[in-house]
Amino acid sequence: MLKQNSTAVSATQKTCRVLASLSDQRVHRLTDIAQSASLDISTARRILKELEAEGFVERDPVNKHYMLGPQVYAMHHAMVDRLDLRGLARPALIRLARHFGDTVILSLPMGWESVCLDLCFGDYPIRANYLQVGSRRPLGVGAGSLALLSALDEIEVQAVLPMVQQRLAIKYPRISLPALNVARQRAHDLGHAMLLDVVVEKMGGLGVAVRGPSGRPIAALSIAALNERIESREQELAQALSQEAREIERSWWPHA
């Protein structure tokens, strides 16, 4: 029997290399993926085609760029669910809604979008009820979504902005990419994001990012209300949201 070459790369290893290369937002062309995975072009193309058929990879029909597909994000959700993020954040949502009387939202990042995972309504008669669990928005549209965008590395930000810009032009005419970048820089500098009159006129929000064990943003807490209720309490809201976010983060490091 011939002894197997210990340096041979298995099919599984090649597939893992391709998926790992796509986790880098700068790698999206076939040639880049092949180079990053140390594979020849034909092998990388075959693996990408198989992954696309199974939903682990998507290919943009216009620019031919590859990106991670819905199956990967489903796996991401399963990982987040193991942390029971919704359960950990629920008491914070209740406390914030009870104290401030407004709508409190828990959001998750998914690619170039944010997804509403949970929300809790306060008792103030005018509610921000235009968001539902499962709703998606481009990163930067909404206070929690902007908090997530501002917490990303600049390389990741520049990778998602072209897709965000396309959606802004189609669905969110109240904000332009330059205005979004100004709001993003302000959020980065202050540690909290505030956005007004973008989704709904005279309504706004304030949000902060929640970071996972690796330090990357895995969620955001935000409060949505009338503009005047956000602007007049900006520092108070920011402090309360930040305290709740840090409390959630301490669950990863119980002795911190």
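Residues numbered from 1 in each chain as written. Predicted model: local features only at pLDDT ≥ 70, side-chain atom pairs only at ≥ 80, totals over all residues. Heavy atoms only, no water.

Trainee: Sorry if this is basic, but what is going on with the overall build of the protein chain here?
Mentor: Within the protein chain, the secondary structure is distributed over ten helices and eight strands. Here the C-alpha coordinates of the protein chain stretch approximately 75 × 45 × 30 Å along the principal axes. Buried positions account for 46% of the 256 residues belonging to the protein chain. Long-range contacts, defined here as pairs at least 24 residues apart, represent 54% of the contacts in the protein chain between residues at least 6 apart. On the protein chain, roughly 13,900 Å² of surface is accessible, and the fraction owed to carbon and sulfur atoms is 52%. Across the protein chain, 30 positive and 27 negative side-chain charges occur, with their mean positions spaced 4 Å apart. (Helix = DSSP H or I, 4+ residues; strand = E, 2+ residues; numbered from the N terminus. Buried < 20%, exposed > 50% of the residue type's maximum accessible area, 1.4 Å probe, protein only. Contact = heavy atoms within 4.5 Å. Areas by Shrake-Rupley, 256 points an atom, 1.4 Å probe, with all protein chains shown as cover. Lys, Arg positive; Asp, Glu negative; His and termini not counted. Charge placed at Lys NZ, Arg CZ, Asp CG, Glu CD.)

Trainee: Sorry, what's going on with the environment of V72 here?
Mentor: Relative to the helices and strands, V72 is located in helix 4 (residues 70–82). Residues V72 and L19 lie 53 residues apart in sequence; the distance between their C-alpha atoms is 9.3 Å. Beyond its immediate chain neighbours, meaning those up to four positions away, V72 contacts G55 and F56.

Trainee: Explain the nonpolar core here, please?
Mentor: Within soluble globular proteins, side chains that are nonpolar tend to cluster in buried spots. L221 and I248 are the most contacted members of the largest nonpolar core, which has 29 residues in total. Elements that contribute at least two residues to this core include exactly helix 5 (85–100), strand 3 (103–110), strand 4 (113–120), strand 7 (203–211), strand 8 (217–226) and helix 10 (234–249). Residue contacts for L221: discarding those within four places in its chain leaves L93, I105, L106, L206, G207, V208, V210, L241, E244, A245 and I248. The next biggest cluster of nonpolar side chains, apart from the first, holds 22 residues, and it includes A147, V157, Y172 and A187. (Core = buried A, V, L, I, M, F, W, Y, C linked by side-chain atoms within 4.5 Å.)

Such coordinate-based values are descriptive only and should not be taken to indicate function.
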